[in-house]
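Examination of the molecular architecture
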Amino acid sequence: MGQSEQEPIPPSDPGRPEAEAELPPGQRVQRGWPALHYGPVPRFNRLTWDLQVFGATASAEKHSWDFAAFNALPRTTVRADLHCVTKFSVLGNEWTGVPAAALLDLAPPAPGVTHVMVWAEYGYSANLRLADFADERTLLATHRNGEPLTAEHGFPVRLVVPRLYAWKGPKWVRAVEYMRADRRGFWEERGYHNLADPWRQQRYSHQEEPGDGPLR
Ligand SMILES: Nc1nc2c(c(=O)[nH]1)N[C@H]1C(S)=C(S)[C@@H](COP(=O)(O)O)O[C@H]1N2
Ligand SMILES: [Mo]
């Protein structure tokens, strides 16, 4: 848990701190860890569960890992705050899981891939720029603070994208789609900002500037 056990923190872009010493504008600290999602909590079945990478892969083939294979992938731990667009932030989480960058190594995208869609159970989805997915702190998290995720928090795996609002991190992830063009995910189609940078308060799609997203 101690900062002393962490890797040295690399220099940050201005306005996008790596170590979130302060809250993004408009956020307040939330104690505990509320669960928030649209729809029901899916039931996990280890016999049928898999994680797929499909779309514009370099091999043009779909990749998939069953539960045992997924659990054998390389793992890391990242400390990151969770910022919900409804303005609460859960600070200081230690997420453990498979770096998204490791998935990109194992299932390389074809040339020309610019975005990914991360798909969860029941069709929830979030679109990300490839660079945000490939960020060294983006994680397919299976644990928080050393404990496996509970069902309501995304067991067996959720995406954590430390730099973005939490809706960009689907719980109950089942697939990653490589895309050669941007396309809106679940909340991005329902009035939320395509890019979702909390440090810029990119909350709603009406704030988007030309080039921030695909045409609606
Ligand atoms: N599958 C799925 N993932 C989701 C959501 C959802 O509705 N469905 N909501 C998102 C939102 S808006 C937030 S704030 C976080 C909440 O995560 P938590 O319930 O673990 O606090 O999950 C994100 N991931
Ligand atoms: Mo949220």
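Now for a quick tour of the structure. (Residues numbered from 1 in each chain as written. Chains lettered and ligands numbered in written order. Predicted model: local features only at pLDDT ≥ 70, side-chain atom pairs only at ≥ 80, totals over all residues.)

Turning our eyes to something else, we now look at the nonpolar core. Within the largest apolar cluster, 42 residues are counted, with the highest numbers of intra-cluster contacts made by Val118, Leu139, Leu140, Val160, Trp167 and Val173. Counting residues per element, this core draws most heavily on strand S6 (residues 115-120), which supplies 5 residues. (Core = buried A, V, L, I, M, F, W, Y, C linked by C-beta atoms within 7 Å. Buried ≥ 20, exposed ≤ 12 C-beta atoms within 10 Å, placed from the backbone. Helix = DSSP H or I, 4+ residues; strand = E, 2+ residues; numbered from the N terminus.)

Its location among the elements puts lysine 62 in the loop between strand S2 (50-55) and strand S3 (63-66). For lysine 62, a count of 12 C-beta atoms within 10 Å gives the class exposed. Setting aside residues no more than four positions away along its own chain, lysine 62 makes contact with Gln52, Val53 and Phe54. (Contact = placed C-beta atoms within 7 Å.)

It is worth spelling out the sheet that holds strand S11 (residues 173-179) at this point. Reading across the sheet, the 5 strands line up as S3-S2-S11-S6-S7 and stay open at both edges, with mixed pairing between neighbours. Pairing within the sheet leaves two strands with one partner each, and these edge strands are S3 and strand S7 (125-129). Sheet twist, expressed as the average angle between the axes of neighbouring strands with direction ignored, equals 15°. Here 6 bridges tie S6 to S11, and the two strands are oriented antiparallel to one another. Along S11, the bridge assignment pairs tryptophan 119 with alanine 175. (Pairing = 2+ DSSP bridges. Axes fitted to C-alpha atoms, helices over the stretch in contact; angles between N-to-C directions.)

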